[in-house]
Amino acid sequence: LVQLMIARLQQLPDMQKKVLAMYYFEEMRLAEIAAVFGVTEGRISQIHTQAVIGLRAFLRRQEAA
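The structure presented is a predicted model; accordingly, all values stated were derived computationally and were not measured.

Colleague: Tell me what's going on with the nonpolar core, and back it up with residues and numbers.
Modeller: Membership of the largest hydrophobic core is limited to 8 residues, which are Val19, Met22, Met28, Leu30, Ile33, Ala34, Ile44 and Ile47. Secondary-structure elements contributing two or more residues to this core are helix H2 (14-25), helix H3 (30-37) and helix H4 (41-64). Considering each element in turn, this core owes the most residues, 3 residues, to H3. Ignoring anything within four residues of it in the chain, the contact list for isoleucine 47 reads Met15, Gln16 and Val19.

This is how it looks when you write it as structure tokens:
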């Protein structure tokens, strides 16, 4: 499962990878990430949500297979 997730994370667009890394590994808040990229907190929230939904869908497909 871990190997599948690593492979899937590597396939994400760069922005989604960076947002997930900053949020989960660097423990930055969405507002801080938004300041780094020069976008709104709402946009960072959208990018984060898209990445998480995509990862969940991937896991569900793997479980079904």
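Following the structure, the description resumes.
Colleague: Run through the pattern of salt bridges, naming residues and quoting values.
Modeller: A full pass over the atoms with the stated rule returns 1 salt bridge. For the salt bridge of lysine 17 with aspartate 14, the shortest nitrogen-to-oxygen distance reads 3.6 Å. In this pair, lysine 17 and aspartate 14 are both assigned in helix H2, 3 residues apart and thus about one turn of the helix distant.

Definitions and limits used
Residues numbered from 1 in each chain as written. Predicted model: local features only at pLDDT ≥ 70, side-chain atom pairs only at ≥ 80, totals over all residues. Heavy atoms only, no water. Core = buried A, V, L, I, M, F, W, Y, C linked by side-chain atoms within 4.5 Å. Buried < 20%, exposed > 50% of the residue type's maximum accessible area, 1.4 Å probe, protein only. Helix = DSSP H or I, 4+ residues; strand = E, 2+ residues; numbered from the N terminus. Contact = heavy atoms within 4.5 Å. Salt bridge = Lys/Arg side-chain N within 4 Å of Asp/Glu carboxyl O.

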